[in-house]
Amino acid sequence: MTQNPMLSGDRFRLGTFSTNCSSGMTPTKIAERWDNSWDNNLTLAKMLDEAGIDFMLPIARWIGYGGETDFHGGVLETMTWAAGLLASTKNIAVFATIHTAANHPAVIAKQIATIDQIGHGRAGLNIVAGWNKPEYEALGLSLPDDHETRYAYAQEWFDLVKKLWASDEHFDWDGKYFKAKKIKGNPAPVRGSVPIINAAGSPQGREFATDNADFLFTPTIDLIRSKDEIVELKAQARAKGRNVDVLTFSHVICRPTREEAEAFLKYTAVDNSDTAAVDNLVNLQFAHAHSFPHDLLAQIKHLFAMGHGGFPLVGTPDDVAEGILKLHAAGFAGTTLSFVDYVKEFPYFRDTVLPKLHAAGIR
Ligand SMILES: Cc1cc2nc3c(=O)[nH]c(=O)nc-3n(C[C@H](O)[C@H](O)[C@H](O)COP(=O)(O)O)c2cc1C
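Residues numbered from 1 in each chain as written. Predicted model: local features only at pLDDT ≥ 70, side-chain atom pairs only at ≥ 80, totals over all residues.

**Some points on the overall build of the protein chain**
When you go through the protein chain residue by residue, the secondary structure sums to 14 helices and eleven strands. Taking 363 residues into account, the globule formula puts the C-alpha radius of gyration at 21 Å, and the protein chain, at 20 Å, falls close to it. Taking the principal axes of its C-alpha atoms as reference, the protein chain extends roughly 65 × 40 × 40 Å. Residues classed as buried in the protein chain amount to 47% of the 363 residues present. (Helix = DSSP H or I, 4+ residues; strand = E, 2+ residues; numbered from the N terminus. Rg over C-alpha atoms; globule rule 2.2 N^0.38 Å. Buried ≥ 20, exposed ≤ 12 C-beta atoms within 10 Å, placed from the backbone.)

Written out as structure tokens, the structure is:
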């Protein structure tokens, strides 16, 4: 068994997000936008692994957001993606992202246990209770209108996964959403379970996250607001005898000068933005999810054009490091990073920003 970097040490966690999806986190029309091929993912994973980055988190998506580029129209399936990456790396944690409604819990319990063996204990699971109605319809599923039903379903789904991991005996399951007869889950993950992520925004979802997750993922628009939110979430978990760390996601444009970084931002996210895809992305967030505070959503369209609503880390290596230190000071336990072209841009971040984070004592 190797260490799972999500479980050991107290450094500020760094990961990547959405490398399995076409265009990554940036709905842009530029030809250099992210090509989410397996080969690119593998090249990146090896670089991240060698650089000591903690994790890779994929997005589970079944249909794209339209627009000229059909943003996220091309997506590598996350469980098989994670299996391949875990087999090809040594230290980094790799998550699978799973929609509860689209995947039977007995299948997922076994798949996670399998990829955890492949990675010698480095697998993780991001649980999505559902929000994207057109995607549900594409799969012939119906998204319950109320959050109570969505999260009650997710809770029973995860209870069954955990029981399959914990039980040495065959058992029957007679729940509201699942029935099973003489079922048994063998093997369990290497440590009996894996790090769990959930990215709920709604009150019902945050109950679910503080009951079940090790890491709650949430966007940050206003760091003062985030600071209070993190204190509240951690207190909510503590009242249940649990510890939950809060993570966020950021988009990086790191260049030797501010002018170069700003020029690339303008080129990707203003002059060549796939505006129809950005509109769809923002409108769907309003319609079914509470991940972004609705009072702020309309003001942050430009952040969706830049990096799917991620925290902007745009500027020189000093600016980017300073932004990460602010996230740390607000109480976040880590952030994902996205780049327009992860393979091309990560090395500059690695060589210039990571040493500053080491020197500042957060890595
Ligand atoms: C960082 C992050 C990652 C997410 N990953 C996915 C994903 O891969 N697939 C997906 O359908 N939804 C994803 N979501 C959506 C959330 O899982 C959640 O369903 C959504 O925020 C709505 O939550 P709510 O219904 O509690 O408001 C993600 C959200 C965030 C903030």
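Picking up where we left off.
**Examining the environment of Ile196**
Position of Ile196 among the secondary structure elements: in strand β7 (residues 196-198). Owing to 21 C-beta atoms within 10 Å, Ile196 belongs among the buried residues under this scheme. Considering only alpha carbons, one finds Ile196 and Val244, 48 residues apart in sequence, at a separation of 10.0 Å. Discounting chain neighbours no more than four positions away, the residues touching Ile196 are Leu125, Ile127, Asn212, Ala213 and Asp214. (Contact = placed C-beta atoms within 7 Å.)

**What to know about the pairing of strand β1 (residues 13-17)**
Burial analysis of β1 places five of its five residues in the buried class, which makes it a mostly covered element. Where burial is concerned, the two faces of β1 agree: the one with Arg13, Gly15 and Phe17 and the one with Leu14 and Thr16 are both buried. Here β1 pairs with strand β11 (residues 334-338) via four bridges, running parallel. Directly across from Arg13, in β11, lies its bridge partner Gly334. Here three bridges tie β1 to strand β2 (residues 55-57), and the two strands are oriented parallel to one another. Bridge assignment links Phe17 to a residue of β2, and that residue is Leu57. (Pairing = 2+ DSSP bridges.)

**Digging into helix α12 (residues 317-330)**
Between the first and last C-alpha of α12 there are 20 Å, a value that for 14 residues agrees with the 20 Å anticipated at 1.5 Å per step. When α12 is considered as a whole, its buried residues turn out to be Val320, Ala321, Gly323, Ile324, Leu327 and Ala330. Buried residues along α12 sit against α7 (223-238), β9 (245-254), β10 (311-315), β11 and α14 (354-359). In the segment just after α12, Gly331 is the residue with positive phi, at about 110 degrees. (Expected span 1.5 Å × (residues − 1).)

**Details of the nonpolar core**
Grouped together as the largest cluster of nonpolar side chains are 93 residues, with contacts concentrated most on Met56, Ala82, Val94, Phe95 and Ile112. For this core, the leading source of residues is helix α5 (residues 147-166), giving eight residues. For Phe95, the residues in contact, after removing those within four places along its chain, are Phe55, Met56, Leu57, Pro58, Ala82, Gly124, Leu125, Asn126 and Ile197. (Core = buried A, V, L, I, M, F, W, Y, C linked by C-beta atoms within 7 Å.)

**Quick word on unusual backbone geometry**
Asn186 connects to Pro187 through a cis peptide bond whose omega is 10 degrees. Even without being glycine, Ser23 reaches a positive phi, approximately 70 degrees. Here Ser23 is to be found in the loop between β1 and α1 (38-51).

**Section: helix α3 (residues 105-118)**
The first and last C-alpha atoms of α3 sit 20 Å apart over 14 residues, in line with the 20 Å expected at 1.5 Å per residue. Of all the positions in α3, only Pro105, Ile108, Ala109, Ile112, Ala113, Ile115 and Asp116 are classed as buried. Looking at the buried residues of α3, the elements they touch are α2 (78-88), β3 (93-99), β4 (123-128) and α5. Looking at the residues trailing α3, positive phi occurs at His120, about 50 degrees.

**Examining the packing of α5 against helix α6 (residues 203-212)**
Put simply, α5 and α6 touch, their axes get as near as 9 Å, and they point 15 degrees apart. In this view, α5 runs roughly parallel relative to α6, as classed from their interaxial angle. Crossing of α5 over α6 shows right-handed handedness. Contacts between α5 and α6 involve His147, Glu148, Tyr151, Ala154, Gln155 and Phe158 from the former and Gln204, Gly205, Phe208 and Asn212 from the latter. Per-class residue counts for the contact of α5 with α6 are four nonpolar, five polar and one charged. (Axes fitted to C-alpha atoms, helices over the stretch in contact; angles between N-to-C directions. Parallel < 35°, antiparallel > 145°, perpendicular 65-115°, else oblique. Left-handed = near helix turned anticlockwise from the far one by under 90°. Nonpolar A, V, L, I, M, F, W, Y, C, P; charged D, E, K, R; others polar.)

**Re the environment of Ala237**
As for its position among the elements, Ala237 is in helix α7. Judged by the 21 C-beta atoms lying within 10 Å of it, Ala237 falls in the buried class. Residues Ala237 and Ala106 lie 131 residues apart in sequence; the distance between their C-alpha atoms is 27 Å.

**Structural notes on the pairing of β9**
In terms of burial, β9 is largely enclosed, as nine of its ten residues are buried. Taken together, strand β8 (residues 215-217), α7 and β9 constitute a β-α-β crossover, and its handedness is right-handed. In the sheet, β9 pairs with β11 via five bridges, with the strands oriented parallel. For His251, the partnering residue across the bridge sits in β11 and is Ser338. Relative to β10, β9 runs parallel, the two sharing five bridges. Counterpart to His251 in the pairing with β10 is Pro312. (Right-handed = clockwise from strand over helix to strand, strands pointing away.)

**Re the environment of Ala123**
As for its placement among the helices and strands, Ala123 is situated in strand β4. Along the backbone, Ala123 and Gln285 are 162 residues apart, and their C-alpha atoms lie at a distance of 28 Å.

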